[in-house]
Structures are given as C-alpha cells and as structure tokens.
Amino acid sequence: SIVTVTGSIYLALGRAKLQFNVNLLTRPIALAGVVCGLPWGVEGIVIGMTAVTWINSLITLSIAGRLIDLSLLELMASFFRTALAAALMAAGILLIEPQLQGIGYLGTFFIQVLAGMVIYALLAFVLKIRALTDILGILGTQFSKRHGNG
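This is a predicted model, so every value here is computed, not measured.

Let's talk about the environment of Asn23
Consideration 1: Note on placement: Asn23 falls in helix H2 (residues 16-37).
Consideration 2: A sequence separation of 37 residues divides Asn23 from Thr60, and the C-alpha atoms of the two residues are 8.4 Å apart.

Considering the environment of Arg15
Consideration 1: Summarising the element assignment, Arg15 is placed in the loop between helix H1 (5-12) and H2.
Consideration 2: With 52 residues separating them along the chain, Arg15 and Leu67 place their C-alpha atoms 9.2 Å apart.
Consideration 3: Those residues within four positions of Arg15 in sequence are excluded, and the remaining contacts are Tyr10 and Leu67.

Quick word on a nonpolar patch on the surface
Consideration 1: Taken together, the side chains of Leu106, Phe109, Phe110, Val113, Leu114 and Met117 define a hydrophobic patch exposed on the protein surface, amounting to about 620 Å² of accessible area.
Consideration 2: Topologically, Val113 is positioned in helix H6 (residues 105-126).
Consideration 3: Taking relative accessible area as the criterion, Val113 reaches 35% and is therefore assigned partly exposed.

Here's the deal with the pattern of salt bridges
Consideration 1: Under the counting rule described, the total for this entry stands at one salt bridge.
Consideration 2: Here Arg130 ties to Asp134 by a salt bridge, and the two come within 3.8 Å at their closest N and O atoms. With Arg130 and Asp134 both in helix H7 (residues 130-149) and four residues apart, this pair spans about one turn of that helix.

A word on H2
Because an α-helix packs 3.6 residues into every turn, residues spaced three or four apart end up facing the same way.
Consideration 1: Here H2 contains 22 residues, and its C-alpha end-to-end distance of 32 Å stays within 8% of the 32 Å for a straight helix at 1.5 Å per residue.
Consideration 2: Those residues of H2 lying buried are Val22, Thr26, Ala30, Gly33 and Gly37.
Consideration 3: Along its buried surface, H2 packs onto H1 and helix H3 (41-67).

What to know about the packing of aromatic side chains
Consideration 1: Scanning all chains against the criterion turns up one aromatic pair.
Consideration 2: The interplanar angle of 65° and the centroid separation of 5.4 Å between the aromatic rings of Phe109 and Phe110 together place this pair among those described as edge-to-face.

Some thoughts on the environment of Leu94
Consideration 1: One can find Leu94 in helix H5 (residues 80-96).
Consideration 2: Residues Leu94 and Ala64, spaced 30 residues apart in sequence, show a C-alpha to C-alpha distance of 36 Å.

Quick notes on H5
Consideration 1: End to end, H5 covers 25 Å across 17 residues, agreeing with the expected 24 Å (1.5 Å per residue, within 8%).
Consideration 2: Along H5, the residues classified as buried are Ala85, Gly92 and Ile93. Along the axis of H5, the buried residues cluster in a sector spanning 100°; they form a single face. Away from its buried face, by an angle of more than 90 degrees, H5 presents the exposed residues Phe80, Leu94 and Leu95.
Consideration 3: Buried residues belonging to H5 abut H6.

Concerning the packing of H1 against H3
Consideration 1: It is the contact of H1 with H3, at a shortest axis distance of 10 Å, that shows an interaxial angle of 35°. The interaxial crossing formed by H1 with H3 has left-handed handedness. Residues Thr6, Ile9 and Tyr10 of H1 lie in contact with H3, whose contacting residues are Thr60, Leu61, Ile63, Ala64 and Leu67.
Consideration 2: Classifying every residue of the contact of H1 with H3 gives six nonpolar, two polar and no charged.

What counts as what
Residues numbered from 1 in each chain as written. Predicted model: local features only at pLDDT ≥ 70, side-chain atom pairs only at ≥ 80, totals over all residues. Heavy atoms only, no water. Helix = DSSP H or I, 4+ residues; strand = E, 2+ residues; numbered from the N terminus. Contact = heavy atoms within 4.5 Å. Patch = residues over 30% accessible without salt bridge, like charges linked within 9 Å, V, L, I, M, F, W, Y side chains within 5 Å. Areas by Shrake-Rupley, 256 points an atom, 1.4 Å probe, with all protein chains shown as cover. Salt bridge = Lys/Arg side-chain N within 4 Å of Asp/Glu carboxyl O. Buried < 20%, exposed > 50% of the residue type's maximum accessible area, 1.4 Å probe, protein only. Expected span 1.5 Å × (residues − 1). Phe/Tyr/Trp six-rings, centres within 6.5 Å; stacked < 30°, edge-to-face > 60°. Arc of directions from axis to C-beta. Axes fitted to C-alpha atoms, helices over the stretch in contact; angles between N-to-C directions. Left-handed = near helix turned anticlockwise from the far one by under 90°. Nonpolar A, V, L, I, M, F, W, Y, C, P; charged D, E, K, R; others polar.

Spelled out as structure tokens, the structure:
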C-alpha cells in the first residue's frame, strides 16, 4: 500500500508523535466503517471498510505529504495512469463476464485473471506507465551487460 510509506516519512523526520496522533484520528474512522456496514453483513462491512480506507488514506497522505512538500493533488496525479489502467482492466473483465456463463466459478476466475493480466499489460504499454518503463529500462541494462560480457 502506498500509505505504508508514510510511516517512514514520520520516523525519518522525527515526527513519530504526529504519526501517533494521525492514527488516533484514523483508527476510530476505520472502526466506524465496520460498524456502519454491520447491518448489511459481509458485503456491508466490505463497502464500509473500502469507504473509510479511502478517507483514511487521504487524511494520512495529506498530512505526511505536507511534511515533505508533496501535495495530495501532485501525488494523485502521479498515479493517474496506473489508476486509469486498473479501472479499464476492471471494466474489461466485467465486459467479458457474460460470455463466460456455464464455465463454472473456477474456469471463470482463471479466464478473468488471464484477461486482466493481458489487458493491464497492454494498457501499461499504451499509457506508458512509468513503473513499466523503469522495469524495461533495468531489464534492458541487465541484458546489455550480460550480452556484452558473453
């Protein structure tokens, strides 16, 4: 999770007390998500936790970001292509689901996983997601080193 790195920011800057105070704010919000979802069972709890995870992430990232002069908007903009690829992949998986009737849950699952991998990989190339270009650059460097030494 991207929110995990905020702990390192607090500690590196000697702001562990601020991290504690942020957690004092966000933990009750997380508990509220569970409690609000209880009347609707497991699905309600999942929806409640998803909503409060977004809220708590925005709070945590905003506060930690201010410590290193990184606005929430700048941070979110840096993930736009990745989020777009993930959303389009999810849409693609949902679009193929009706064609998978009668295959069974396990067959549907495997086909959707494979389709998701292919869709996301294609979108990563088309959208030029930075993580992919970084990985390809590293692999290219390693390949050229081995090829040159071979």
